[in-house]
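# Examination of the molecular architecture
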Protein chains: 2
Amino acid sequence: MTVTIYDVAREAGVSMATVSRVVNNNPNVKPQTRKKVFEAIERLGYRPNAVARGLASKKTTTVGVVIPDISNSIFSEVARGIEDIANMYHYNIILCNADKKKEKEIRVINTLLEKQVDGLLFMGGTVTEEHLQAFNTSSVPIVLCATTDEQNAVASVDIDHEKAAFDAVNVLIQNGHRDIAMISGTLQDPANGYARYQGYKKALEAAGMTLREDYVRIGNYRYESGLEVTKHFLELKDRPTAIFAATDEMAIGAIHTLQDNGLKVPEDVSVISVDNIRMASMVRPQLTTVAMPMYDIGAVSMRLLTKLMNKEMKDASELMQVILPHEVIHRNSVAHRS
Amino acid sequence: MTVTIYDVAREAGVSMATVSRVVNNNPNVKPQTRKKVFEAIERLGYRPNAVARGLASKKTTTVGVVIPDISNSIFSEVARGIEDIANMYHYNIILCNADKKKEKEIRVINTLLEKQVDGLLFMGGTVTEEHLQAFNTSSVPIVLCATTDEQNAVASVDIDHEKAAFDAVNVLIQNGHRDIAMISGTLQDPANGYARYQGYKKALEAAGMTLREDYVRIGNYRYESGLEVTKHFLELKDRPTAIFAATDEMAIGAIHTLQDNGLKVPEDVSVISVDNIRMASMVRPQLTTVAMPMYDIGAVSMRLLTKLMNKEMKDASELMQVILPHEVIHRNSVAHRS
DNA sequence: CTGTTAGCGCTTTCAG
DNA sequence: CTGAAAGCGCTAACAG
């Protein structure tokens, strides 16, 4: 039925070991023998069994990636970065959506580990004590992607969310705005929520402005939420002249309710955010935002993982927190205060 | 170092076979023994090795999915549908981007097969003779996702692209439009290109209208392309009053160059397309389009694959071409001809 | 440069 | 209900 390395060996008149060598490109094989073996392989239509190889060699050349939701463009960008580099180093990836649910995250981490992945890339919600415990049972390297744990106990690659938010709010301030509202994510979320809120707060402070409670509203990162939340700002007696949204999607939502209410962006109200999803340049006005290098975060974390898997470097804890640079992308949603 | 089934057996005072039974939920184990084994597992922190299991049982509970580009929202939607159902049936997925490049597609199909996936989901460009050959070397079931092969030789799930385009153009016609241009994809692409173009053509014919060469332009499916191509229509002496784009992204591009040139959508020019990506309702005006059920295509094809893998049904060739329904989503980019 | 020989960790008859 | 034993297909020393 299925042709094995043994069949090839017999067909070529050599030993299994030799066949294994040519299949694995081991140079210690006489060209002549190599040729014989290749012919036998061809003739028999032999296809190496990676599972058997994995059991024998204790390496599967596959890495696990747990991701919140692959259909979310932010994460699918990261995933593309991961897969490109994985591919480059001859790894495959097993993709698991976990929707930022702790239970599900822990569960998939375990099944990935059962599948003997050579490494793990984790992209999720908050990294809790339980996550750390699960990571600890792993004998393969793990790197956090677009997240970090409080203790910096595990390698990670991310941007400085607080600084990104700070920079965003600052362009508003530089444009003369003083009444700046924020559409935040939940403060429970360390990176996209809390950190970005902190950046907003600190930027105001640095400019000697005071934070108004009614200028901060919590959204859920999505477009519809930006649409909703902005209505509240519109009801205020003294409306903000600028809005900082924690994500591009919410910012686009904000722009639309503004427009739907007869306000012009950026003439009447300026809008800025963080992320730089593809859609940011596909709306009118085009969105000014702070670019988070999604693809690079994926690519760099996968590259880091390969190094760890090859033991090119030990997980030197502190040194393993890589922060990628962000950048303000000036487009058309911010104007000087009129 | 690593604890195996043998260690657990010794610890629990039973045989490997018994441990295997409890791990696999085989009912033929006395509750008492089961308990002993579970305790031993707990005590030792035993984690089953799925690779060894895969070798012994010849099943890996993982399926391969080859996809053009996971960062493209169309495909990432499909992927989510696939993963959800896979998860439901306890399968994991190995994801490979192949960018619709034949070479790459064939290559990943082979490595996926080497990894002994239990089934394969293929989403790609044209299915050529070479693809069919590669599929033929497979002993596991394969289903095409959002594509079909000419010969209907392999199971597939997709929508009727021609009919979807036909329906889209028809809403334009129903609205009194007679000068309808099309932004098409390449005619080399059977589904999104050729079939959608055919639908356009047939809708015009059915309405007794003649197709104007200069009203058809080829784009590359993306936003920027829609932006570009539309400029040509603007240069025509008798401009179209409506535009049908093969994809939402190109339609949004069309809307924007229309707007950027002082034309109003839909008052001056109507725009419709096919896809219904998330962004379609995140632009102004919101896009009227024919919804292609991306998530469902993924979900249904994965479900079909599970049936094939369980041999619940043999690949009854002809019967295996499932066509999912599409639906016109009326939003605000189409108006009656003024 | 090539062959022999043990396993890798688990499932699966087959007995009992 | 439980155990013994034979592999699954391949890699990796170790000899030669």
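As the structure is a computational prediction, the values presented were derived from the model and not from experiment.

This part covers the side chain of S184 of chain A. Residues and elements named next belong to chain A. Position of S184 among the secondary structure elements: in strand 6 (residues 180-184). Residue classification places S184 among the buried residues on the basis of a relative accessible area of 0%. Sequence-distant contacts of S184, that is, excluding residues within four places in its chain, are made with G193, Y197, R217, I218, G219, A246 and M250.

So, about the interface of chain A and chain B. Each side of the interface is counted separately: chain A has 52 residues, and chain B has 52 residues. Here chain A meets chain B over a buried area of about 4,600 Å², counting both sides, of which 49% is carbon and sulfur. For the interface between chain A and chain B, the tally reads 10 salt bridges. Where chain A touches chain B, the interface holds 26 residue pairs in polar contact (both at pLDDT 80 or more). Contributing elements (two or more residues each) for the side of chain A that touches chain B: helix 4 (50-57), helix 5 (73-88), strand 2 (92-97), helix 6 (102-114), helix 10 (223-235) and helix 11 (248-260) of chain A. Of the residues contributing to the side of chain A that touches chain B, the split by class is 19 nonpolar, 18 polar and 15 charged. As judged from the three bridges shared by strand 2 of chain A and strand 2 (residues 92-97) of chain B, these two strands associate in the antiparallel manner.

Residue and element names in this part refer to chain A. By the secondary structure assignment, V8 is in helix 1 (residues 5-12). Note on V8: relative accessible area 0%, which makes it buried. Sequence-wise, V8 and E228 are 220 residues apart; in three dimensions their C-alpha atoms are separated by 66 Å.

This part covers the pairing of strand 6 of chain A. Residues and elements named next belong to chain A. Within strand 6, five of the five residues are buried, leaving the element largely enclosed by the surrounding structure. Across the two faces of strand 6 the burial is the same, with I180, M182 and S184 and A181 and I183 all buried. Strand direction decides the pairing type here: strand 6 and strand 8 (residues 242-245), joined by four bridges, are parallel. Residue pairing for strand 8: A181 is matched across the bridge by I243. With respect to chirality, the unit in which strand 6 leads through helix 9 (residues 190-206) into the neighbouring parallel strand 7 (residues 216-218) is right-handed.

This part takes up the relation of the copies chain A and chain B. In screw terms, the move from chain A to chain B is a rotation of 180 degrees and a rise of 0.0 Å along the axis, fitting with an RMSD of 0.1 Å. The superposition of one copy onto the other is thereby described by a two-fold rotation axis. Among all residues of chain A, the minimum C-alpha distance to the rotation axis is found for I94 of chain A, at 2.2 Å. A share of 100% of interface residues in chain A that are also interface residues in chain B marks the association as one of identical surfaces.

Here the focus is the sheet that holds strand 11 (residues 321-324) of chain B. Taken in spatial order, the 12 strands of this open sheet run 11(A)-5(A)-4(A)-3(A)-1(A)-2(A)-2(B)-1(B)-3(B)-4(B)-5(B)-11(B), and their pairing is mixed. The sheet is open, and its two borders are formed by strand 11 (321-324) of chain A together with strand 11 of chain B, each paired with just one other strand. Taking each pair of neighbouring strands and ignoring which way they run, the sheet shows an average axis angle of 20 degrees. Bridging between strand 5 (residues 156-159) of chain A and strand 11 of chain A involves four bridges; their strand directions are parallel.

Another aspect to go through is the UniProt feature "domain: HTH lacI-type" (unreviewed entry) in chain A. When the UniProt feature table is mapped to this numbering, "domain: HTH lacI-type" (unreviewed entry) covers residues 3-57 of chain A. Here residues 3-57 of chain A is 69% helix and 0% strand, with 20 Å between the C-alpha atoms at its ends.

Let's shift gears to the protein's contact with DNA strand D. Residues in close proximity to DNA strand D total 27 residues, the closest being I5 and Y46 of chain A together with T18, R21 and T33 of chain B. Here the atoms of DNA strand D within 4 Å of the protein split so that 63% fall in sugar or phosphate, with bases taking the remainder. Y46 of chain A is positioned with one of its side-chain polar atoms (N or O) 2.4 Å from a phosphate oxygen of DNA strand D. Measuring from a base oxygen of DNA strand D, one finds a side-chain N or O atom of R21 of chain B at 2.5 Å.

Reading the values: rules and limits
- The written sequence of each chain sets the order in which its residues are numbered from 1.
- For this description, chains carry letters from A and ligands carry numbers from 1, given in the order in which they are written.
- Only residues with pLDDT of at least 70 get local features here, since the model is predicted, and only at 80 or more are side-chain atom pairs given and counted; chain-wide, interface and lining totals rely on the full set of residues.
- The side-chain numbers reported here are obtained from all heavy atoms of the structure, hydrogens and water having been left aside.
- In this text, helices come from DSSP runs of H or I with a minimum length of four residues, and strands from runs of E with a minimum of two, each type numbered from the N-terminal end.
- Think of it in three bands: residues with accessible area under 20% of the maximum for their type are buried, residues over 50% are exposed, and the middle band is partly exposed, with areas taken using a 1.4 Å probe on protein chains only.
- We call two residues contacting when some pair of their heavy atoms lies within 4.5 Å.
- Summed over both partners, the accessible surface that disappears when two parts come together, traced with a 1.4 Å probe, is what is meant by buried area.
- A side-chain nitrogen of Lys or Arg and a carboxyl oxygen of Asp or Glu constitute a salt bridge if their distance falls within 4 Å.
- Polar contacts, as counted here, are pairs of nitrogen or oxygen atoms within 3.5 Å of one another; within protein the pair requires one atom able to donate a hydrogen and one able to accept it, and residues that are adjacent in sequence qualify only if both atoms are side-chain atoms.
- Each residue gets one label: Ala, Val, Leu, Ile, Met, Phe, Trp, Tyr, Cys and Pro are nonpolar, Asp, Glu, Lys and Arg are charged, and the others, such as Gly, are polar.
- Pairing between strands is defined by DSSP: at least two bridges between them are needed.
- By convention, orient the strands away from the viewer: a clockwise path from the first strand over the helix to the second makes the crossover right-handed.
- Here the copies are superposed with least squares, the fitted atoms being C-alpha atoms of residues at a pLDDT of at least 70 in both.
- Lines fitted to the C-alpha atoms define the axes, with helices restricted to the stretch that makes contact. Angles between their N-to-C directions range from 0 to 180 degrees.
- UniProt positions are given in the numbering used here, feature names are shortened, and annotations may be inferred rather than shown by experiment.
- Any residue with a heavy atom positioned within 4 Å of a molecule or strand is treated as near that molecule or strand.

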